[in-house]
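Coordinate inspection notes
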Amino acid sequence: MDKYSVKKLSRLAGVSVRTLHLYDRMGLLEPSVRTEARYRLYGEKELLRLQQILFYRELDFPLKDILAILEDPAFDLEQALEGHRKALLAKKERIDTLVGTIDKTLVTLKNKSMLQVEDLYDGIPNEKMEAYRAEAMAKWGKDTVLSAEETLRGFGKDEMKALQRELTRISDRLTELMSTDPKSAPVQECIARRFAIILKLSGGKIEMGKLEYFRKLGELYVQDNRYTPVNGMPSMELAQFMKEAMDYYIAQQSA
C-alpha cells in the first residue's frame with residue numbers, strides 16, 4: 001500500500017507542511033510510520049482522517065473540537081460524510097446568494113441607476129401603487145413581494161424599461177391575434193418570448209418550477225383580468241385567450 005511523505009501529502013491535500021506538523025503535535029493526524037531517519041509516512045487511513053479534518057475546518061470547527069469528534073468512539077465516517085455534504089450544500093447556497101447579490105450590485109453600479117421601489121411601478125399613481133403592493137402582500141405574503149422587488153431592483157432603469165416595453169408589445173400583438181387559434185405559431189412565439197422575459201424578471205427564484213409558475217400566472221389572469229388590459233380596460237377575453245395559449249405552450253414544453 002502506498003505511503004505518503006509529508007511533502008507529498010502536503011501537495012495532494014493542499015495544506016502546508018507546517019500545518020501537517022502541527023496536526024501531528026496535537027495528535028490530530030499522526031503518521032502511520034516514523035522511520036529511523038524521523039521521516040513521517042502516511043497511509044490510506046491517515047488520508048481519510050485528513051479529509052475529515054479539512055471538511056470540519058471548511059465548516060469553521062476549531063482544531064480542538066475536531067480532535068474530540070474524531071477521537072469519539074461513536075464517530076461514524078459514513079454518517080460524518082453525509083453531514084458534511086448537507087452542511088457544504090447549505091454553505092454553497094449561501095455563497096451563491098451572496099454572489100448573486102454582488103452581481104446585481106455590480107450591474108447597478110455599471111448602469112449608475114439604482115432602481116427604487118417607485119421605479120418598479122412607473123406610471124402608477126402613488127396611492128394605487130401602495131394599494132397594489134398591499135394587495136399583493138395579502139395574496140402572496142410580504143416576504144414574497146419584497147423578495148420580488150429586490151430582484152427587480154437589480155436591473156438598471158434602462159434595462160427595466162426595455163423589458164416593460166417588450167412585454168407591452170407582446171400584449172398588443174396577442175390582442176391583435178385573439179381571433180386566431182391560441183396554438184398557432186405566431187401566438188406561441190409571443191408566449192415563448194413572454195415566458196423568457198418573466199423568467200428573467202424573476203431572477204430564477206421560482207421554487208415551484210418554471211412551467212408550474214407560468215401555469216399559475218395563466219390562472220391568475222383569468223381570476224383577475226386587471227393583469228390583461230385592452231385599451232386600458234381589463235379584458236376577460238384576452239385573459240382567457242392568453243391562458244389557453246400558455247397552457248398549450250406548457251404542455252408542449254413538458255412533452
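Only a predicted model underlies this, so the values are computations on that prediction, with no experimental measurement involved.

Points about the sheet that holds strand β2 (residues 33-34)
What the three strands build is an open sheet, ordered β1-β3-β2; its pairing is antiparallel. Each edge of the sheet is formed by a strand with only one pairing partner; in this case those strands are β1 (4-5) and β2. Relative to strand β3 (residues 40-42), β2 runs antiparallel, the two sharing two bridges. If you follow R34 over to β3, its bridge partner there is R40.

A word on the packing of helix α11 (residues 210-223) against helix α12 (residues 236-254)
The geometry of α11 relative to α12 is characterised by a closest axis approach of 8 Å and an angle of 165° between their N-to-C directions. Considering the angle they form, α11 stands roughly antiparallel to α12. In this structure, α11 meets α12 at a crossing whose hand is left-handed. Every residue of α12 that contacts α11 at L211, F214, R215, L217, G218, E219, Y221 and V222 is listed here: M236, A239, Q240, M242, K243, M246, D247, Y249, I250, Q253 and S254.

Quick notes on the packing of aromatic side chains
Applying the stated criterion across every chain yields a total of four aromatic pairs. Ring centres 6.0 Å apart and planes at 80° place the aromatic pair F214 and Y249 in the edge-to-face group. Of this pair, F214 sits in helix α11 while Y249 sits in helix α12, and the two are 35 residues apart along the sequence. Looking at F214, the relative accessible area reads 0%, which means it is buried.

Quick notes on unusual backbone geometry
In the Ramachandran plot, R38 falls in the positive-phi region, its phi being about 70° despite a non-glycine side chain. One can find R38 in the loop between β2 and β3. By relative accessible area, R38 is classed as exposed at 73%. We note that D60 has phi near 70°; this positive angle belongs to a residue other than glycine. Exposure remark for D60: the relative accessible area of 62% places this residue in the exposed category.

Brief notes about the side chain of Q188
Mapped onto the secondary structure, Q188 falls in helix α10 (residues 185-202). Judged by its relative accessible area of 12%, Q188 falls in the buried class. Within the structure, the side chain of Q188 is placed 3.1 Å from the backbone oxygen of A245, a separation counted as a polar contact. Other than its neighbours up to four places away in sequence, Q188 contacts P182, K183, A245, Y248 and Y249.

Here's the deal with the environment of L152
Following the sequence through the fold, L152 ends up in helix α8 (residues 142-153). For L152, a relative accessible area of 18% gives the class buried. Each C-alpha atom, one on L152 and one on L201, is 6.3 Å from the other, the two residues being 49 residues apart in sequence.

The rules behind the values
- Residues numbered from 1 in each chain as written.
- Predicted model: local features only at pLDDT ≥ 70, side-chain atom pairs only at ≥ 80, totals over all residues.
- Heavy atoms only, no water.
- Pairing = 2+ DSSP bridges.
- Helix = DSSP H or I, 4+ residues; strand = E, 2+ residues; numbered from the N terminus.
- Axes fitted to C-alpha atoms, helices over the stretch in contact; angles between N-to-C directions.
- Parallel < 35°, antiparallel > 145°, perpendicular 65-115°, else oblique.
- Left-handed = near helix turned anticlockwise from the far one by under 90°.
- Contact = heavy atoms within 4.5 Å.
- Phe/Tyr/Trp six-rings, centres within 6.5 Å; stacked < 30°, edge-to-face > 60°.
- Buried < 20%, exposed > 50% of the residue type's maximum accessible area, 1.4 Å probe, protein only.
- Polar contact = N/O pair within 3.5 Å; in protein donor to acceptor, adjacent residues only side chain to side chain.

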